[in-house]
Amino acid sequence: AQTGVAATECPVQWSDSSNVRWKVELAGEGWSAPIVWEQSVFVTAAVPTEEGLKDASRPEEYSGGGGRRRDDLTETVYRYEVICLDVKSGKERWRK
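Residues numbered from 1 in each chain as written. Predicted model: local features only at pLDDT ≥ 70, side-chain atom pairs only at ≥ 80, totals over all residues. Heavy atoms only, no water.

Moving on, we get to the environment of E92. Assignment of secondary structure puts E92 in strand β6 (residues 92-95). For the pair formed by E92 and F42, sequence separation is 50 residues and the distance between their alpha carbons is 9.9 Å. With near-sequence residues (within four places) excluded, E92 lies in contact with I83, C84 and L85. Reaching out from E92, the side chain makes a polar contact with the side chain of R95 at a distance of 2.6 Å. (Helix = DSSP H or I, 4+ residues; strand = E, 2+ residues; numbered from the N terminus. Contact = heavy atoms within 4.5 Å. Polar contact = N/O pair within 3.5 Å; in protein donor to acceptor, adjacent residues only side chain to side chain.)

Have a look at this one:
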């Protein structure tokens, strides 16, 4: 039965070579924390694109709060993507 508690001790340090199973290059900027569900890892990305694409948009203006001010984001048109990766290999399963 799953309890929500890790079966093994979780690592507390990472580097380019330590405690990393795989890495994947993604276009654009990461837009959220990864989500792991069963055998999939879901990530999102904001990919700069050309003006005029029907599925592209601009981020909302900065209104304060967490993070740093990124006025450069609102000057670019983005296509927002959800990417599903295989949890064991990092191989892309699909992108929408």
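This part takes up the packing of aromatic side chains. Describing an aromatic ring pair means giving the distance of the ring centres and the angle of the ring planes. With the rule as written, the count across this model stands at two aromatic pairs. The ring of W94 carries the charged tip of K96 above its face, separated from the ring centre by 5.3 Å. (Phe/Tyr/Trp six-rings, centres within 6.5 Å; stacked < 30°, edge-to-face > 60°. Lys NZ or Arg CZ within 6 Å of the ring centre and 35° of its normal.)

The quantities given are spatial measurements derived from coordinates; they are silent on function.
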